[in-house]
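Below, each chain spelled out in residue letters.
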Amino acid sequence: MVAAKRPPERSSLTPVPDDDPSEPNAAVTEVVDETEMPLPSDPRTFFLGGLFGLAALAALYVASSIILPVVLALVLNLLLQPAVRLLGRVHVPRAVGALLTVFLVIGALVGLVAALSVPAATWAERLPEGIPRLEAHLEVIKGPIHALQKIIQQAEQAADAPPGRGSIVSVRRDLGITGALFAGTRSVLDGLFTTVLVLYFLLVAGNIFLRRVVEILPTFSNKRQAVDISQQIQEDISGYLVTITAMNAAVGAATAAAMYLCGLGDPLLWGTTAFLLNYIPIIGPLFGVCIFVLVGLLSFESLWWALLPPAIYLGIHLVEGETLTPMLLARRFTLNPVLIILSLVFWFWMWGALGAILAVPMLAILKIISDRLRPLKALGHFLEGE
């Protein structure tokens, strides 16, 4: 941190000369600056801002194979940076601590994949054998499905659909739900080396970028504002990620125990599935309910027993998602739930499943920055929830 001569205390973010003495109405100016949310009056500002936003989103979409690993490394850096600092307090060199942290994360992922590969392969082999049982369970809803198909066919005939339309629909059906959900994961796997490499050097660098920014900024108020924004992002996003990871681990453990008591088998597989899906708000648990419905239908003869695993999983998620997690995160995040859903859908379309996982942290970072920059305070207020 570069030492700078501290000017008279000013809470206002409005640029003022450094040698300007404190004025009698400084308190009034401070209140106005803290509450006012100015909007640009020049239409060219909205026009140029919109063009810049569209260009940035287009670049993020086209260069997703490069940008996504970097963004993932930045978020993981916020999560793992406290562990590197903790190792530094016990006199472990920063480079060694970063290397140990990265190896620990990679080792945990490799061990988890190795432990889940056998039960996942077993369930994949059981799937063809369980098709007759699945058809027997679905016999109850076969009538409504046939009626719905008949209505759809009549609508298509009334609309005089072109001949090529059927082939297009069949191609889309071949993708399936799983293919749509993990459409963007191939690029992430291809960029795994990039993610690990960038993550390691970010952990080693620490606050070097913040120090360079502070050295460049001209006034003390700007330097203090940059440090405040950086610290707030690190504290809030780290707290969010740690809290969500802990709650997801609790959901995974509860789901594993419940599936074991239900007689479903392979509790580690189902606990890990619940743990990973819970990183995607709303959409992930809904997909998890569909998975447990399918697994229950393939595992149990009785329809009511088959619906017990998804019902228990849904109950665990409601207790966690509607009570515990909002209570723990209420002081850090008050984001608009509608904007969270839109962000999930948008980033899922942009970057696939990992984009949906990163959607909430990126939205929270945008709100933190907007709340602390006077020209963007209106945007921060718009992103705020109840």
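Residues numbered from 1 in each chain as written. Predicted model: local features only at pLDDT ≥ 70, side-chain atom pairs only at ≥ 80, totals over all residues. Heavy atoms only, no water.

**Notes on the overall build of the protein**
Scanning the protein from N- to C-terminus turns up 16 helices and zero strands. Expressed as a percentage of contacts within the protein between residues at least 6 apart in sequence, the contacts between residues at least 24 apart total 72%. Carbon and sulfur atoms form 70% of the exposed surface of the protein, whose accessible area is close to 23700 Å². (Helix = DSSP H or I, 4+ residues; strand = E, 2+ residues; numbered from the N terminus. Contact = heavy atoms within 4.5 Å. Areas by Shrake-Rupley, 256 points an atom, 1.4 Å probe, with all protein chains shown as cover.)

**Quick notes on the environment of Gln232**
The residue Gln232 is located in helix H11 (residues 220-261) in this model. Residue classification places Gln232 among the buried positions, given a relative accessible area of 19%. Measuring from C-alpha to C-alpha, the distance between Gln232 and Ile365 comes to 9.2 Å, with 133 residues separating the pair along the chain. With near-sequence residues (within four places) excluded, Gln232 lies in contact with Ile237, Ile368 and Arg372. (Buried < 20%, exposed > 50% of the residue type's maximum accessible area, 1.4 Å probe, protein only.)

**A short note on a nonpolar patch on the surface**
On the surface, a nonpolar cluster with roughly 360 Å² of combined accessible area is contributed by Leu99, Phe103, Ile106 and Val110. Of note, Ile106 is situated in helix H4 (residues 94-129). Take Ile106: its relative accessible area is 32%, and that puts it in the partly exposed class. (Patch = residues over 30% accessible without salt bridge, like charges linked within 9 Å, V, L, I, M, F, W, Y side chains within 5 Å. Salt bridge = Lys/Arg side-chain N within 4 Å of Asp/Glu carboxyl O.)

**Here we look at the environment of Thr101**
Secondary-structure assignment places Thr101 in helix H4. You can call Thr101 buried: its relative accessible area is 7%. Residues Thr101 and Tyr200, spaced 99 residues apart in sequence, show a C-alpha to C-alpha distance of 8.7 Å. Look past the residues within four positions of Thr101 in its chain and what remains in contact with it is Leu80, Ala83, Val84 and Leu87.

**Some points on the pattern of salt bridges**
Going through the model one piece at a time under the given rule, you end up with one salt bridge. In this structure, Arg212 and Glu215 form a salt bridge, with 3.4 Å as the shortest nitrogen-oxygen distance. Of this pair, Arg212 and Glu215 both sit in helix H10 (residues 208-216), three residues apart, roughly one helical turn.

**Observations regarding a positive patch on the surface**
The grouping of Arg85, Arg89, Arg94 and Arg211 at the surface amounts to a positive patch. For Arg85, the position within the fold is in helix H3 (residues 64-89). (Lys, Arg positive; Asp, Glu negative; His and termini not counted. Charge placed at Lys NZ, Arg CZ, Asp CG, Glu CD.)

**A few points about the nonpolar core**
Note on soluble globular proteins: their nonpolar side chains tend to be buried together. One finds Ile237, Trp351 and Leu358 to be the most contacted residues of the largest nonpolar core, which totals 30 residues. Elements represented by at least two residues in this core include exactly H3, H11 and helix H15 (337-372). If one sorts the elements of this core by residue count, H15 sits on top with 15 residues. For Leu358, the contacting residues outside a window of four places in its chain are Leu68, Val71, Leu72 and Val75. Counting 19 residues, the second largest nonpolar core, distinct from the first, contains Trp123, Leu269, Val295 and Ile316. (Core = buried A, V, L, I, M, F, W, Y, C linked by side-chain atoms within 4.5 Å.)

**Quick look at the confidence of the model for the protein**
Confidence in the prediction for the protein averages 74 pLDDT; 70% of positions are at 70 or higher. The low-confidence segment residues 1-34 (pLDDT under 50) makes 34 contacts with residues lying over four places distant or belonging to another chain. pLDDT under 50 marks residues 163-178. Its contacts with residues more than four places away, or in other chains, come to two contacts. (pLDDT = per-residue confidence, 0-100.)

**Remarks on unusual backbone geometry**
Within the chain, His91 stands out as a residue other than glycine whose phi angle is a positive 65°. Mapped onto the fold, His91 is located in the loop between H3 and H4. Taking the relative accessible area as the measure of exposure, His91 reaches 74% and is therefore exposed.

**What to know about the packing of aromatic side chains**
Under the defined criterion, the tally for this structure stands at eight aromatic pairs. Taking the centre distance of 5.2 Å and the plane angle of 80° together, the rings of Phe346 and Trp347 count as edge-to-face. Exposure remark for Phe346: the relative accessible area of 28% places this residue in the partly exposed category. The buried category is assigned to Trp347, whose relative accessible area is 14%. Here the aromatic residues Tyr61, Phe346, Trp347, Trp349 and Trp351 are joined through ring pairs into a cluster of three or more. (Phe/Tyr/Trp six-rings, centres within 6.5 Å; stacked < 30°, edge-to-face > 60°.)

**Overview of H11**
For H11, which comprises 42 residues, the first-to-last C-alpha distance of 61 Å matches the rise-based estimate of 62 Å (1.5 Å per residue) to within 8%. Positioned one or two residues after H11, Gly263 has a phi angle of 80°, which is positive. (Expected span 1.5 Å × (residues − 1).)

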